[in-house]
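Here's the letter readout for the chains.
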Amino acid sequence: MSRWAYVNGRFVRHGEAAVHIEDRGYQLADGIYEVWAVIGGRLIDVEGHFERLARSLAELRIAEPMGRRALELVLREAVRRNRVSYGLVYLQVTRGVARRDHAFPDPPPPPAIVITAKSLDRAAAEARAARGISVITLPENRWGRCDIKTVGLLPNALAKQAAKEQGAGEAWFVDADGLVTEGASSNAWIIDKDGVLRTRDTTANILRGVTRKTVMGLVGELNIRLDERAFTPEEAKSAREAFITGAGALVMPVVAVDGTPIGDGKPGPVAQRLRALYILNAQASNNL
Ligand code: PLP
């Protein structure tokens, strides 16, 4: 099946899609991105991702590439053209094309926009969730503005590769205080030994996960206490359960941290319940 990408105003064949060599995203990682999960052919958590997109652009003083309604139409068209039922839509906006210079080009060029959509194997994702994943921990080495979803992902890519080489599915960064910040592409959670659901608070240097926020709204349906409080890798190892959240992972149980099994080494009931609730909730809001 031919794939389509949206590049600066038009849909082009994926294999032929290209950006300029002096795009500041390519030269300087001067750009931001956003990712929506697609379930049942529909975008999930639409508002939350649009809000964060606007915030990331504003923080970097990059102009909005197009109006909200038009952008939403193009995202949906990308899903339709690529026949994505279950998968991801990726949007990237950079400061645009300009002669290479670190300071912002003046006058500003039009921002450059790229949208792609890809299918994921739903059965494989469910099988993975039924097994759970392992995570490794690594020293935090990212910049101080991880709240902005920039395309500058080299530390994240290196961490993910290290995880892969150790047979793990995610890497958790640990800051100078010995506390887990988040994963390379997800937020980190535990249900600690006292049964409290814990995840890092958003005043820390982490991305304010949209899935994280939706999952927080679902916790009320479980009889469990939620505390936005940091945890150490040691606390994770002695936790009852652990999991990660993100547009790609949705809610994914974690069964080992640095080789130490969590609980009985199987996906925990809270993580499994939250995954099911998250997907149900996504499908239900799709039908409105
Ligand atoms: N943290 C990082 C570093 C991420 O890259 C991501 C998602 O890609 C997340 C957290 C989870 O964010 P969201 O739930 O909005 O996808």
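Read on for a plain summary of the structure.

Reading the values: the criteria
Residues numbered from 1 in each chain as written. Predicted model: local features only at pLDDT ≥ 70, side-chain atom pairs only at ≥ 80, totals over all residues. Heavy atoms only, no water. Core = buried A, V, L, I, M, F, W, Y, C linked by side-chain atoms within 4.5 Å. Buried < 20%, exposed > 50% of the residue type's maximum accessible area, 1.4 Å probe, protein only. Helix = DSSP H or I, 4+ residues; strand = E, 2+ residues; numbered from the N terminus. Near = heavy atom within 4 Å. Polar contact = N/O pair within 3.5 Å; in protein donor to acceptor, adjacent residues only side chain to side chain. Nonpolar A, V, L, I, M, F, W, Y, C, P; charged D, E, K, R; others polar. Pairing = 2+ DSSP bridges. Contact = heavy atoms within 4.5 Å. Axes fitted to C-alpha atoms, helices over the stretch in contact; angles between N-to-C directions. Parallel < 35°, antiparallel > 145°, perpendicular 65-115°, else oblique. Left-handed = near helix turned anticlockwise from the far one by under 90°. Phe/Tyr/Trp six-rings, centres within 6.5 Å; stacked < 30°, edge-to-face > 60°. Lys NZ or Arg CZ within 6 Å of the ring centre and 35° of its normal.

Now for the nonpolar core. L43, L71, L75, V89, L91 and I115 are the most contacted members of the largest nonpolar core, which totals 26 residues. Going through the elements one at a time, β3 (31-39), α2 (46-60), α3 (68-81), β5 (87-94) and β6 (112-119) are the ones with two or more residues in this core.

Surrounding the ligand, one finds 19 residues, the nearest of these being R52, E182, V210, T211 and A247. With respect to the ligand, the side chain of R52 contributes an N or O atom lying 2.8 Å from an oxygen atom. Between an oxygen atom of the ligand and a side-chain N or O atom of T211, the distance comes to 2.6 Å. Contributions of two or more residues to the shell around the ligand are made by α2, β9 (180-183), α6 (210-218) and β13 (241-246). In terms of residue class, the shell around the ligand is made up of five nonpolar, ten polar and four charged.

Pairing in this open sheet of six strands is antiparallel, and the strands run β2-β1-β6-β5-β3-β4 from one edge to the other. The open sheet terminates on both sides in strands that have one partner only, identified here as β2 (10-13) and β4 (42-43). Where β5 meets β6, eight bridges bridge the pair, whose relative direction is antiparallel. Along β6, the bridge assignment pairs L91 with I115. Along the sheet, α2 contacts β3, β4 and β5; its crossing angle with β3, the most-contacted strand, is approximately 175°.

The N-to-C vectors of α2 and α3 enclose an angle of 120°; their axes lie 12 Å apart at closest approach. When the interaxial angle is binned, α2 and α3 end up oblique. As for the relative orientation of α2 and α3, their crossing is right-handed in sense. Of α3, the residues touching α2 (which contributes V46, E47, F50 and L53) are R68, L71, E72 and L75. When the residues that make up the contact of α2 with α3 are grouped by side-chain class, the tally is five nonpolar, no polar and three charged.

A separate point is the packing of aromatic side chains. Summed over the entire model, instances satisfying the criterion amount to five aromatic pairs. Measuring from ring centre to ring centre gives 5.2 Å for Y6 and F11, while their planes differ by 65°; the resulting arrangement is edge-to-face. Comparing Y6 with F11 shows no difference in burial state: the two are buried. Ring centres of W189 and F243 lie 5.2 Å apart, and the angle between their planes is 15°; on these two criteria the pair is classed as stacked. Placement of W189 in strand β10 (residues 187-191) and of F243 in strand β13 is noted, with a sequence separation of 54 residues between them. Residue class for F243 comes out buried when judged on its relative accessible area of 0%. Sitting over the ring of F50, R68 keeps its end group 3.9 Å from the ring centre. Cation over ring: R81 sits above W4, and NZ or CZ is 5.0 Å from the ring centre.

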